[in-house]
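Structural overview for review
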Amino acid sequence: MFPVGLYYCFRELSDANIFVILYSVTSIYFAGVMVRLMLVLAPIMCIMSGIGISTTLSTYMKNIESGDVIPATVKNKKKAADYPIKSEIATVMVTIVAIFLTTFVFHCTWVTSEAYSSPSIVLAARGHDGNRIIFDDFREAYNWLKFNTPEDAKIMSWWDYGYQLTAMANRTILVDNNTWNNTHISRVGQAMASPEEHSYTIMKELDVDYVLVIFGGMSGYSSDDINKFLWMIRIGGSTPEGVHIKEGDYYSSSGEYKVDKDASAAMHNSLMYKMCYYRFGEVMTEQGKPTGWDRVRNQEIGNKDFELDVLEEAFTSEHWIVRIYKVKDLDNRGNK
């Protein structure tokens, strides 16, 4: 109904309608440029749709004949001759709009139940048999942090999970959704993208006790840290301290972003790769596929047999979505 409302606003131009037109056009443009600005577009979409529905109903409702007797004046007779079935047409249009609004209510209810009723930390999916599968890995991991780590423990993760860690695990984090210090975020990206030895230096500099990563290769959860890793590389290499991090070094020889045997040495040796795929090479994820089959990337990982030198696995959730590692205490000679 948005185009209908826009049409009616153009048909009767006034100061108020011109404002609404400008608001709607600019909102559509900026929402197309940045998807999060859909929040700006939503109010004007509702307003324009309301104008369209209201004007349409006002136009046709007055043409529906009631049971009242109307004097048969010459003017009324002329109108009746010009529009012999105007009452029937008006009734059909009003019925269509009513059906449209009724189905829209049911549609909104369904969308709300499917997409918006589940909290972001509890994931749901459908199995092959149609049954609903609940992934409660985030809450499970945050509870583990809350009850199994010191209260002053510092957690390093990518900024996406900062608020959740603070609120649910009650632990100190390095970066969150409101971190404006690009240098600080860059240091976290450098730690994730560097080999273990270099990452250990950064983690000690930041006084990190635990490192948390999100991994979807086991469950098929696509919003994991491997899929976000390129942004960590880009942000990590955007400051002078990360000048050694080049995005091109993490692509395969054919220029693709891969995790299999064709992945680059920089990718295989990065801390992020090792934290996500530690012990994963021993796991069968799908029938008929080799061990270490990543269900998100649809690739068999290229580096299966490796050990961690500066980290030790502390916790892995039921579906491997959340993995937590403890930073080892090494003396100056590098002994554990």
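Scroll up to find the structure this text is about.
Below is a summary of the structure that appears in this document. Being a predicted model, the structure only gives us computed values, none of them experimental.

1. A word on the overall build of the protein chain
Counting its regular elements, the protein chain contains 12 helices and nine strands. Computed over the C-alpha atoms, the radius of gyration of the protein chain is 30 Å, more than 25% above the 20 Å expected from 2.2 N^0.38 for a compact globule of 336 residues. Reported as C-alpha extents along the three principal axes, the dimensions of the protein chain are approximately 105 × 50 × 45 Å. Looking at the protein chain as a whole, 39% of its 336 residues qualify as buried. Taking all contacts inside the protein chain whose residues are at least 6 apart in sequence as the whole, residues at least 24 apart take part in 59%. Here the protein chain has roughly 19300 Å² of accessible surface; of this, 58% comes from carbon and sulfur atoms.

2. With respect to the sheet that holds strand 5 (residues 210–214)
If you trace the five strands from one edge of the open sheet to the other, you get 4-3-5-9-8, paired in mixed fashion. Across the chains shown, the open sheet's two edge strands, defined by having one partner strand only, are strand 4 (172–173) and strand 8 (311–316).

3. What to know about the pairing of strand 8
Strand direction decides the pairing type here: strand 8 and strand 9 (residues 322–327), joined by five bridges, are antiparallel. From the neighbouring strand, Phe 315 faces strand 9, where its bridge partner is Ile 324. What sits between the antiparallel neighbours strand 8 and strand 9 is a turn of five residues, in which Trp 320 has the positive phi angle 65°.

4. Looking at a negative patch on the surface
A cluster of acidic side chains, namely Glu 197, Glu 282, Asp 305, Glu 307 and Asp 309, defines a negative patch on the protein surface. Among the structural elements, Asp 309 can be located in the loop between strand 7 (299–300) and strand 8. Judged by relative accessible area, which is 34%, Asp 309 ranks as partly exposed.

5. Considerations on the pattern of salt bridges
Here the structure, examined in full by the defined rule, presents 17 salt bridges. As a salt-bridge pair, Lys 154 and Asp 207 come within 3.4 Å of each other at their nearest N and O atoms. Note that Lys 154 is positioned in strand 3 (residues 154–156) and Asp 207 in the loop between helix 9 (196–205) and strand 5, a separation of 53 residues in sequence. The closest approach of N and O atoms between Asp 224 and Arg 297, which form a salt bridge, is 2.8 Å.

6. Here we look at a nonpolar patch on the surface
Judged by side-chain polarity, Phe 10, Leu 13, Ile 18 and Leu 22 come together as a nonpolar surface patch covering roughly 410 Å² of accessible area. Relative to the assigned elements, Leu 13 resides in the loop between helix 1 (2–11) and helix 2 (15–33). With a relative accessible area of 54%, Leu 13 lands in the exposed category.

7. A word on unusual backbone geometry
A positive phi angle is found at Arg 279, which is not glycine, with a value near 70°. Following the sequence through the fold, Arg 279 ends up in the loop between helix 12 (271–277) and strand 6 (293–294). Even without being a glycine, Asn 298 presents a positive backbone phi close to 55°. With respect to the element layout, Asn 298 can be found in the loop between strand 6 and strand 7.

8. Details of the packing of helix 6 (residues 137–148) against helix 7 (residues 162–169)
Geometrically, a packed helix pair is captured by the angle between its two axes and the distance between the axes. Taken N-terminus to C-terminus, the directions of helix 6 and helix 7 make an angle of 55°; their axes are 9 Å apart at the nearest point. On the basis of the axis angle, helix 6 is oblique to helix 7. In this structure, the crossing between helix 6 and helix 7 has a hand that is right-handed. Contacts between helix 6 and helix 7 involve Phe 138, Arg 139, Tyr 142, Leu 145 and Lys 146 on the former and, on the latter, Gln 164, Leu 165, Met 168 and Ala 169. Looking at the contact of helix 6 with helix 7 residue by residue, the classes come out as six nonpolar, one polar and two charged.

9. Things to note about helix 8 (residues 182–193)
A rise of 1.5 Å per residue sets the reference length of helix 8, with its 12 residues, at 16 Å; its end C-alpha atoms lie 16 Å apart and thus fit the reference within 8%. Among the 12 residues of helix 8, nine are classified as buried, and the element is accordingly described as predominantly covered. Every buried residue belonging to helix 8 is among Ile 185, Ser 186, Arg 187, Val 188, Gly 189, Gln 190, Ala 191, Met 192 and Ala 193, and all of these are buried. Along its buried surface, helix 8 packs onto strand 3, helix 9, strand 5, helix 10 (225–236) and helix 12. The backbone nitrogen of Thr 183 has a side-chain oxygen 3.0 Å away, supplied by the residue at the start of helix 8, namely Asn 181.

10. Observations regarding the packing of helix 8 against helix 10
Orientation of helix 8 relative to helix 10, taken along the N-to-C sense of each, is 120°, at an axis distance of 7 Å. The orientation of helix 8 relative to helix 10 falls into the category oblique. Judged by the twist between their axes, the crossing of helix 8 over helix 10 is left-handed. Facing Asn 182, Ile 185, Ser 186, Gly 189, Gln 190, Met 192 and Ala 193 of helix 8, the residues of helix 10 in contact are Phe 229, Met 232, Ile 233, Ile 235 and Gly 236. Grouping the constituent residues of the contact of helix 8 with helix 10 by class yields seven nonpolar, five polar and no charged.

11. Overview of the nonpolar core
Leu 212, Tyr 277 and Leu 311 are the most contacted members of the largest nonpolar core, which totals 66 residues. The greatest single-element share of this core, amounting to six residues, is contributed by helix 12. Residues contacting Tyr 277, with those up to four places away along its chain left out, are Phe 215, Ile 226, Val 259, Asp 294, Arg 297, Ile 301, Phe 306 and Arg 323. In this structure, Cys 9, Val 20, Leu 41 and Met 48 belong to the second largest nonpolar core, which totals nine residues.

Conventions used here
Residues numbered from 1 in each chain as written. Predicted model: local features only at pLDDT ≥ 70, side-chain atom pairs only at ≥ 80, totals over all residues. Heavy atoms only, no water. Helix = DSSP H or I, 4+ residues; strand = E, 2+ residues; numbered from the N terminus. Rg over C-alpha atoms; globule rule 2.2 N^0.38 Å. Buried < 20%, exposed > 50% of the residue type's maximum accessible area, 1.4 Å probe, protein only. Contact = heavy atoms within 4.5 Å. Areas by Shrake-Rupley, 256 points an atom, 1.4 Å probe, with all protein chains shown as cover. Pairing = 2+ DSSP bridges. Patch = residues over 30% accessible without salt bridge, like charges linked within 9 Å, V, L, I, M, F, W, Y side chains within 5 Å. Salt bridge = Lys/Arg side-chain N within 4 Å of Asp/Glu carboxyl O. Lys, Arg positive; Asp, Glu negative; His and termini not counted. Charge placed at Lys NZ, Arg CZ, Asp CG, Glu CD. Axes fitted to C-alpha atoms, helices over the stretch in contact; angles between N-to-C directions. Parallel < 35°, antiparallel > 145°, perpendicular 65-115°, else oblique. Left-handed = near helix turned anticlockwise from the far one by under 90°. Nonpolar A, V, L, I, M, F, W, Y, C, P; charged D, E, K, R; others polar. Expected span 1.5 Å × (residues − 1). Polar contact = N/O pair within 3.5 Å; in protein donor to acceptor, adjacent residues only side chain to side chain. Core = buried A, V, L, I, M, F, W, Y, C linked by side-chain atoms within 4.5 Å.

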